[in-house]
Amino acid sequence: MSPLFFVIIGPVLVFLLVWAAATVYRLYFPEHPLPFEYDPVVKRESATSNGESVPVGVREIRADQRRERRQEDVTIYNYAWGASGGVPESWREDLWKRRN
């Protein structure tokens, strides 16, 4: 029974200990978000608006297409203080701060 314990239960316990240590480390030392200006999309858009050539890949092209579709579909929202087109800027800033 003893060799079976070490072969089966031992690796599981080691995995659980590593998982617990990694979780504790991430809780005590969380990632620090980059400022908005250092976001790759913002950098690329500012370089493009300045007339600089910027290398792009499939991800960037698809992200631009998604953003264009999202901007085309502007919905009017009715809030307590009146109607608004799109999501309020304060909500976007709050979402940016809370992103994962």
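Refer to the structure above for everything that follows.
Summary of the structure given here. Just so we're clear, the structure is a prediction, and the values are computed from it rather than from any experiment.

### Brief notes about the overall build of the protein chain
The helix and strand inventory of the protein chain stands at four helices and two strands. Element order for the protein chain, N to C, with α for helix and β for strand: α-α-α-β-β-α. Per-residue burial for the protein chain yields a buried fraction of 4% across its 100 residues. In the protein chain, 19% of the contacts between residues at least 6 apart in sequence involve partners at least 24 apart. Carbon together with sulfur atoms contributes 62% to the accessible area of the protein chain, which is approximately 9600 Å² in total.

### Concerning the pattern of salt bridges
All told, the structure shown has one salt bridge when counted by the stated rule. The shortest N-O distance in the salt bridge between R98 and D94 comes to 2.9 Å. With R98 and D94 both in helix α4 (residues 89–98), this residue pair falls four residues apart, about one helical turn. The class for D94 is partly exposed, based on a relative accessible area of 34%.

Conventions used here
Residues numbered from 1 in each chain as written. Predicted model: local features only at pLDDT ≥ 70, side-chain atom pairs only at ≥ 80, totals over all residues. Heavy atoms only, no water. Helix = DSSP H or I, 4+ residues; strand = E, 2+ residues; numbered from the N terminus. Buried < 20%, exposed > 50% of the residue type's maximum accessible area, 1.4 Å probe, protein only. Contact = heavy atoms within 4.5 Å. Areas by Shrake-Rupley, 256 points an atom, 1.4 Å probe, with all protein chains shown as cover. Salt bridge = Lys/Arg side-chain N within 4 Å of Asp/Glu carboxyl O.

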